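Commentary on secondary and tertiary structure
The lines below spell out each chain.
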Amino acid sequence: MQSIKIIFYISVFSFIIISCKKNTNDLEKQSIEEIIAFTINEKSFPLPPPPIFKGDSIVTVIDKKTIDSLKRVSLNIGVYPIVNSLVFNDDNMSSVSGENNKAKKRVFKIYLKDRISIKTINKLSQHNIILADTIVINKSKDWKEYDLLYDFSKISFNTNLSSAKISVGISRSTLWGQAYELFLEKEKEGKWKIVNTIVKERW
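If you're wondering where the values come from, they're calculated on a predicted model, not measured in any experiment.

On to the overall build of the protein, then. Helix and strand content of the protein: 5 helices and 10 strands. Out of the 203 residues belonging to the protein, those deemed buried represent 35%. Put simply, 61% of the contacts in the protein that link residues at least 6 apart link residues at least 24 apart. Accessible area of the protein: about 12,900 Å², with a carbon and sulfur share of 56%.

The next thing to look at is the packing of aromatic side chains. By the definition in use, this model includes 4 aromatic pairs. Note on Phe-45 and Trp-176: the rings are 6.5 Å apart at their centroids and 70 degrees apart in plane angle, and the pair reads as edge-to-face. Remark: Trp-176 occurs in strand 9 (residues 176-186) and Phe-45 occurs in the loop between helix 1 (2-43) and strand 1 (52-54); sequence separation between them is 131 residues. Residue classification places Phe-45 among the partly exposed positions, given a relative accessible area of 35%. Residue class for Trp-176 comes out partly exposed when judged on its relative accessible area of 33%. On the numbers, 6.1 Å between centres and 20 degrees between planes, the contact of Tyr-150 with Phe-152 is stacked. The same class applies to Tyr-150 as to Phe-152, namely buried. Feature note: the residues Phe-88, Phe-157 and Trp-192 constitute an aromatic cluster, connected by ring pairs.

Note on placement: Glu-145 falls in the loop between helix 5 (134-139) and strand 7 (148-157). Judged by relative accessible area, which is 42%, Glu-145 ranks as partly exposed. Distance in space between the C-alpha atoms of Glu-145 and Gly-78 is 8.1 Å, their sequence separation being 67 residues. Not counting chain neighbours up to four residues away, the residues in contact with Glu-145 comprise Asn-76 and Val-136.

If charged atoms from side chains of opposite charge come close, those side chains can pair. Scanning the entire structure with this criterion turns up 3 salt bridges. Here Glu-33 ties to Lys-29 by a salt bridge, and the two come within 2.7 Å at their closest N and O atoms. A residue pair is termed a helical-turn pair when its members lie 3 or 4 positions apart in one helix, as Glu-33 and Lys-29 do in helix 1 at 4 residues. Judged by its relative accessible area of 4%, Glu-33 falls in the buried class. Owing to a relative accessible area of 30%, Lys-29 belongs among the partly exposed residues under this scheme. Of the charged contacts in the structure, one is a salt bridge between Glu-34 and Lys-186, with a shortest N-O distance of 3.1 Å. Here Glu-34, found in helix 1, pairs with Lys-186, found in strand 9; they are 152 residues apart in sequence, far enough to count as distant.

About the criteria used
- Residues numbered from 1 in each chain as written.
- Predicted model: local features only at pLDDT ≥ 70, side-chain atom pairs only at ≥ 80, totals over all residues.
- Heavy atoms only, no water.
- Helix = DSSP H or I, 4+ residues; strand = E, 2+ residues; numbered from the N terminus.
- Buried < 20%, exposed > 50% of the residue type's maximum accessible area, 1.4 Å probe, protein only.
- Contact = heavy atoms within 4.5 Å.
- Areas by Shrake-Rupley, 256 points an atom, 1.4 Å probe, with all protein chains shown as cover.
- Phe/Tyr/Trp six-rings, centres within 6.5 Å; stacked < 30°, edge-to-face > 60°.
- Salt bridge = Lys/Arg side-chain N within 4 Å of Asp/Glu carboxyl O.

Treat this as a map of the structure, not an account of what it does.
Next up, the structure:
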């Protein structure tokens, strides 16, 4: 009888541990998907229209109506499928210094196709998002298949997944792009916002 009780308690305890782990993994997955979709929505933009000639002058100023219409354009976005490091439980994130010395759990070189759902990300975005083909990218200087290519080289979260730091490169080709370090926080309504942006590189 005693052994049956022990087996019962072990089974219940194991079930609770597995359920908690599954729930944590689901939250992590959801947070990664939200961050990727949000970043793409915030940072994606089509090429502006060419300047126009008025008399002898070139007009490069874009009017508000044109800017608003550009914001509504849906682009084909490629996401580089590998993230060099994914960090969780990092309570020492600083939007000023960018330091994160007390990371307790670190996963290097994750494959996004194993961690996220592109279908879910597309539901959260106005753009058409796909995982980029690394073979095609490595053979070409221009991304003919994508209007923009995103490379998330690092994603860091604090313990309760309410703030994040990401390193992201955004490019139209190997000859045009820029890299950012973005610091994000989740508002009470559950939406992410950018609280600090550091431009790291332009090419």
